[in-house]
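Coordinates in review
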Amino acid sequence: MTDKTRIDDLAVFGGTPAFESPLPVGQLYLPDWTDFERLFRGIFARRYFTNHGPLVRELDERIAAYLGVRHATNVTNGTVALMIALRALDLRGEVIVPSFTFPATVQAISWAGLTPVFCDVDPATHMLTAENVRKLIGPRTSGVLGVHLWGRACDPDALQKLCLENNLRLLFDAAHAFSCTWNGHRIGGLGDVECFSLHATKLLSAMEGGCLTTNDDGLAARIRTIRNFHVSESFVQVSLRINGKMTEAQAGMALLSLDMLPAVLERNQCVFDIYSRHAQTWCGLRLLEAPLGETWNHQYCVLEVDARLAGLERDELLEVLRSEGVLARRYFYPGLHRLPPYFARPEHGNVLPVTDELCKTVMQLPLGARVSARDAERVGRLLGFVLEHGTEIRKRLQQRGAQS
Ligand SMILES: *Cc1c(COP(=O)(O)O)cnc(C)c1O
């Protein structure tokens with residue numbers, strides 16, 4: 001492709017799309033086929049498919065060692081991990097949680113029979129702060145569920161202190177944060193328990209999968225008991241259990257994914273750095289940079305669109321990019337507090353001005369297995385071109401809208 005030189009070159013106005021095969025967001029890394037085949041031959045030879053098989057046990061151990069936590073328990077997916085965590089902590093009543101997150105974070109609370117109470121986030125980090133959480137603590141509050149959004153730790157020290165003072169349990173949704181550090185240690189041992197997702201779009205992939213990590217031996221025993229219905233796997237008394245077992249196939253995939261991690265991290269960083277370099281020339285877009293002094297997984301490239309400076313609204317920019325085959329996405333729109341089953345239910349709290357603003361301005365650029373360094377350079381230049389002509393493109397989009 002030659003670069004766009006005129007506004008008419010843009011696919012949204014009839015030009016040829018920049019990318020023949022579209023670039024999705026999400027990690028989507030796959031292991032080598034021969035490794036995958038070898039692994040599956042092993043599963044077939046052993047005829048051991050699920051129920052805490054050797055691969056699941058190996059994965060539990062390897063993740064615990066990698067993260068530096070006492071216990072890692074792998075389960076079906078990240079949502080089930082959250083549901084089990086909430087049950088294992090024996091929470092009652094209300095749990096304080098952000099609305100600016102993936103629906104699973106909040107709906108897991110509902111599945112656990114608890115009431116999510118939405119807390120607004122910090123405009124700079126997009127995450128809960130202890131200060132915001134403090135205002136929502138009431139007689140029915142029993143826990144706080146923070147999200148390490150975009151792989152940054154969610155105010156762990158201050159939240160831990162606040163929870164101790166108020167006799168609340170603290171857990172984290174760490175779906176974005178595998179391999180990221182906080183204070184130099186890998187995330188996984190913060191709060192009472194942390195939950196990871198091993199979905200195909202995440203850094204560590206079992207295609208579907210989830211993992212609970214904790215340093216609390218008693219809690220780990222409860223988690224392992226709740227995860228399944230087998231009497232032989234009963235370590236402690238629990239009131240309710242579920243089938244949240246990970247299969248050998250999933251664990252095998254995740255073990256291969258763990259082996260690939262160094263290469264994947266390096267590739268993510270390379271693409272991110274290209275975006276970051278271009279971002280210095282993009283007017284009206286703020287790119288969320290790596291957290292200072294920490295190791296980061298570069299799983300997401302997140303931008304905030306300032307429509308006054310960019311000349312276009314976020315959704316207009318997305319339309320232009322998507323028509324070029326750059327499947328950039330808005331995130332968490334319109335906010336869980338604006339969707340059923342939580343919308344217009346005052347018990348969940350719904351005055352969240354920062355969240356509302358972020359839902360209108362945040363977007364993600366493609367990053368992962370399907371995006372090469374060369375692709376990233378082209379996306380960078382394309383965005384540069386679009387922003388240079390933002391106001392004019394917007395006018396044309398509106399004219400087109402008026403004609404149709
Ligand atoms: C992906 C994700 C989840 C859910 O994980 P699944 O494995 O898809 O169930 C939960 N929270 C956040 C923030 C996520 O990004």
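Because the structure is a prediction, the values reported are computed rather than measured. (Residues numbered from 1 in each chain as written. Predicted model: local features only at pLDDT ≥ 70, side-chain atom pairs only at ≥ 80, totals over all residues. Heavy atoms only, no water.)

**Describing the site of the ligand**
Near the ligand, the surroundings consist of 13 residues, among which Gly78, Thr79, Asp173, Ser197 and Lys202 are the closest. Measuring from an oxygen atom of the ligand, one finds a backbone N or O atom of Gly78 at 2.7 Å. The pocket occupied by the ligand, as judged from atoms lying within 2 Å of grid points, is the largest pocket. Those elements that place two or more of their residues in the shell around the ligand are helix H3 (78-88) and helix H4 (103-111). (Near = heavy atom within 4 Å. Polar contact = N/O pair within 3.5 Å; in protein donor to acceptor, adjacent residues only side chain to side chain. 1 Å grid on protein atoms, 1.4 Å probe; cavity = no way out; pocket = protein on both sides within 12 Å on 5 of 7 lines; lining within 4 Å. Sits in = over half its atoms within 2 Å of the grid points. Helix = DSSP H or I, 4+ residues; strand = E, 2+ residues; numbered from the N terminus.)

**Considerations on the pairing of strand S2 (residues 94-98)**
Burial analysis of S2 places 5 of its 5 residues in the buried class, the great majority of the element. By the alternation rule, side chains of S2 split into Glu94, Ile96 and Pro98 and Val95 and Val97, which are all buried. In terms of strand pairing, S2 meets strand S3 (residues 115-119) through 5 bridges, oriented parallel. Looking at the pairing, Val95 lines up with Pro116 of S3. In the classification by handedness, the crossover that spans S2, the intervening H4 and the parallel S3 is right-handed. Where S2 and strand S4 (residues 141-147) come together, 3 bridges link them in parallel fashion. Each residue of the ladder has a partner; that of Val95, found in S4, is Gly143. (Buried < 20%, exposed > 50% of the residue type's maximum accessible area, 1.4 Å probe, protein only. Pairing = 2+ DSSP bridges. Right-handed = clockwise from strand over helix to strand, strands pointing away.)

**Details of the sheet that holds S3**
Pairing in this open sheet of 7 strands is mixed, and the strands run S1-S9-S8-S5-S4-S2-S3 from one edge to the other. Edge positions in the sheet fall to strand S1 (71-75) and S3, since each has one partner strand and no second. Taken pair by pair, the neighbouring strands of this sheet meet at an average axis angle of 25°, ignoring direction. Against the sheet, H3 engages S1, S2, S4, strand S5 (169-173), strand S8 (193-197) and strand S9 (210-214), with an angle of about 165° to S8. Helix H7 (residues 217-226) contacts S1, S8 and S9 of the sheet and is inclined by roughly 15° relative to S1. (Axes fitted to C-alpha atoms, helices over the stretch in contact; angles between N-to-C directions. Contact = heavy atoms within 4.5 Å.)

**A word on the layout of surface pockets**
Considered as a void within the structure, the largest pocket measures approximately 450 Å³ in volume. Of all the secondary-structure elements, those providing two or more residues to the lining of the largest pocket are H3, H4 and S8. When we break the lining of the largest pocket down by domain, the ones giving at least three residues each are domain 1 (7-28 + 261-403) and domain 2 (33-256). (Points joined across faces, edges and corners; volume = space filled by probe spheres on them. Domains from an automatic or database assignment.)

**Comments concerning the packing of helix H10 (residues 314-323) against helix H12 (residues 373-388)**
Between H10 and H12, the least distance of the axes is 11 Å, while the angle of their chain directions is 135°. Taken together, H10 and H12 sit at an angle that is classed as oblique. In this structure, H10 crosses over H12, and the sense of that crossing is right-handed. Residue-level inspection shows Leu317, Val320 and Leu321 of H10 in contact with H12, the latter providing Leu382, Leu383 and Val386. Split into classes, the residues belonging to the contact of H10 with H12 amount to 6 nonpolar, no polar and no charged. (Parallel < 35°, antiparallel > 145°, perpendicular 65-115°, else oblique. Left-handed = near helix turned anticlockwise from the far one by under 90°. Nonpolar A, V, L, I, M, F, W, Y, C, P; charged D, E, K, R; others polar.)

**Some details on empty space enclosed by the protein**
Evaluated as defined, the whole model comprises 1 cavity of 30 Å³ or more. Forming the boundary of the largest cavity are Tyr29, Lys202, Leu203, Ser205, Ser257, Met260, Leu261 and Val264. Across the lining of the largest cavity, the residue classes break down as 5 nonpolar, 2 polar and 1 charged.

**Quick look at the environment of Gly188**
Mapped onto the elements, Gly188 comes out in the loop between strand S7 (185-186) and S8. Between the C-alpha atom of Gly188 and that of Leu212, which follows or precedes it by 24 residues, the distance is 8.4 Å. Not counting chain neighbours up to four residues away, the residues in contact with Gly188 comprise Leu67, Val69, Glu194, Phe196, Thr213 and Thr214.

**Structural notes on H4**
One turn of the α-helix equals 3.6 residues, which is why residues spaced by three or four share an orientation. Inspection of H4 places Ala104, Thr105, Val106, Ala108 and Ile109 among the buried residues, and these make up the whole buried set. Here the buried face of H4 lies against H3, S2, S3, S4 and S5. A positive phi of about 80° marks Gly113, the residue just after H4.

**What about the nonpolar core?**
Within the largest apolar cluster, 104 residues are counted, with the highest numbers of intra-cluster contacts made by Leu10, Trp150, Tyr275, Trp282 and Leu365. At 15 residues, helix H8 (residues 248-279) tops the list of elements feeding residues into this core. In this structure, this core is formed jointly by two domains, domain 1 (7-28 + 261-403) and domain 2 (33-256), each of which donates at least three residues. In contact with Leu10, other than residues within four places in its own chain, are Lys4, Gly15, Val320, Glu324, Leu382, Phe385, Val386 and Ile393. Residues Leu89, Leu91, Val97 and Leu352 belong to the second largest nonpolar core, which totals 31 residues. (Core = buried A, V, L, I, M, F, W, Y, C linked by side-chain atoms within 4.5 Å.)

**Some words on the domain arrangement of the chain**
Put simply, an interface is often sized by how much accessible area is lost when its parts join up. Here the chain is partitioned into domain 1 (7-28 + 261-403) and domain 2 (33-256). Inter-centroid distance (C-alpha atoms) of domain 1 to domain 2 is 28 Å. Taken together, the 38 residues of domain 1 in the interface contact 38 residues of domain 2. For the pair domain 1 and domain 2, the summed buried area comes to about 3,200 Å², and 62% of that belongs to carbon and sulfur atoms. Between domain 1 and domain 2 we count 0 salt bridges in total. In this structure, the connection of domain 1 to domain 2 is made through 22 residue pairs in polar contact (both at pLDDT 80 or more). (Buried area = accessible area lost by both parts, 1.4 Å probe. Salt bridge = Lys/Arg side-chain N within 4 Å of Asp/Glu carboxyl O.)

**What about unusual backbone geometry?**
Backbone torsion omega between Tyr333 and Pro334 reads -5°, so that peptide bond is classified as cis. Mapped onto the elements of the fold, Pro334 is located in the loop between strand S12 (329-330) and helix H11 (353-361). For the bond running from Pro340 to Pro341, omega is 5°, close enough to zero to count as cis. With respect to the helices and strands, the residue Pro341 is situated in the loop between S12 and H11. Of note in this structure, Asn167 is not a glycine but carries a positive phi near 55°.

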